[in-house]
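Close look at the chain arrangement
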Amino acid sequence: MASFQDYLTFNGEAEKNAQLAFLARTNLDVSTLQGLAELKTPRHFLVLAEPFCPDCLVFVPLLVKMAQANPHLHFHFAPRRELNNPSYFATPEQQKFVQEHSNIPSVFAMDENNKLIFNEFPETLKAQIQASPAFKESYRQGLYQKELERELLKCLLA
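Just so you know, these numbers come straight off a predicted model, no measurement behind them.

This part covers the environment of glutamate 151. Mapped onto the elements of the fold, glutamate 151 is located in helix 8 (residues 145-157). Distance in space between the C-alpha atoms of glutamate 151 and proline 122 is 6.3 Å, their sequence separation being 29 residues. Beyond its immediate sequence surroundings of up to four residues, glutamate 151 is in contact with Phe118, Phe121, Pro122, Glu123 and Thr124. Within the structure, the side chain of glutamate 151 is placed 2.7 Å from the backbone nitrogen of glutamate 123, a separation counted as a polar contact.

With that settled, the discussion passes to the pattern of salt bridges. Inspection of every chain in the model, using the stated rule, returns 6 salt bridges. Residue arginine 81 pairs with glutamate 50 through a salt bridge whose shortest N-O separation is 3.4 Å. A residue pair is termed long-range when its members are at least 10 positions apart, and arginine 81 in the loop between strand 2 (73-78) and helix 5 (92-100) and glutamate 50 in the loop between strand 1 (43-48) and helix 4 (54-69) qualify at 31 residues. Residue classification places arginine 81 among the partly exposed positions, given a relative accessible area of 47%. Between glutamate 123 and lysine 126 there is a salt bridge; the shortest N-O distance is 3.0 Å.

Turning our eyes to something else, we now look at the packing of aromatic side chains. Under the definition given, this model contains 10 aromatic pairs. Seen in terms of ring centroids, phenylalanine 97 and phenylalanine 108 are 5.9 Å apart; in terms of plane orientation they differ by 85°. Their pairing is edge-to-face. Taken together, the residues span a long stretch of sequence, with phenylalanine 97 in helix 5 and phenylalanine 108 in strand 3 (residues 106-109) at a distance of 11 residues. Under the relative-accessibility criterion, phenylalanine 97 is labelled partly exposed at 22%. Assessed through its relative accessible area of 1%, phenylalanine 108 is described here as buried. Ring centres of phenylalanine 121 and tyrosine 139 lie 5.7 Å apart, and the angle between their planes is 75°; on these two criteria the pair is classed as edge-to-face. Of this pair, phenylalanine 121 sits in the loop between strand 4 (116-119) and helix 6 (126-131) while tyrosine 139 sits in helix 7 (residues 133-140), placing them 18 residues apart in sequence. With relative accessibility at 1%, the residue tyrosine 139 sits in the buried group.

Quick notes on the rules
- Residues numbered from 1 in each chain as written.
- Predicted model: local features only at pLDDT ≥ 70, side-chain atom pairs only at ≥ 80, totals over all residues.
- Heavy atoms only, no water.
- Helix = DSSP H or I, 4+ residues; strand = E, 2+ residues; numbered from the N terminus.
- Contact = heavy atoms within 4.5 Å.
- Polar contact = N/O pair within 3.5 Å; in protein donor to acceptor, adjacent residues only side chain to side chain.
- Salt bridge = Lys/Arg side-chain N within 4 Å of Asp/Glu carboxyl O.
- Buried < 20%, exposed > 50% of the residue type's maximum accessible area, 1.4 Å probe, protein only.
- Phe/Tyr/Trp six-rings, centres within 6.5 Å; stacked < 30°, edge-to-face > 60°.

Here's what the structure looks like:
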């Protein structure tokens, strides 16, 4: 399984630099930090993402910041182009499940159920993103980061 540092090497140098730039300007809301403080036991998640993806560009920095804020959060990354490589997965069952739900970005709880907890866009914004190219572009520029942050927190703590 791959770390965030490994994730940064999934694509080229330009994508890595863009991801790091977005990470540098990402900050968590105080309410998110308070919510993360409630997590007292380790939780492991598999993140299907790649730095070339504009949706991953806004998504992954939030996960990194959340993991920095709470050491009980652990994110393991897998690139979509490597779905057939078992080294990215804890079990063959997890690999099969991820192959069946391969939108990026996606987050899977690494438990006995391999539950998909986040799929591509925040549910609260999905209809608007799919209906309007302009809205989707605004989302990809990070203009709806707080909405994404709130939904991610809810998913991770569920």
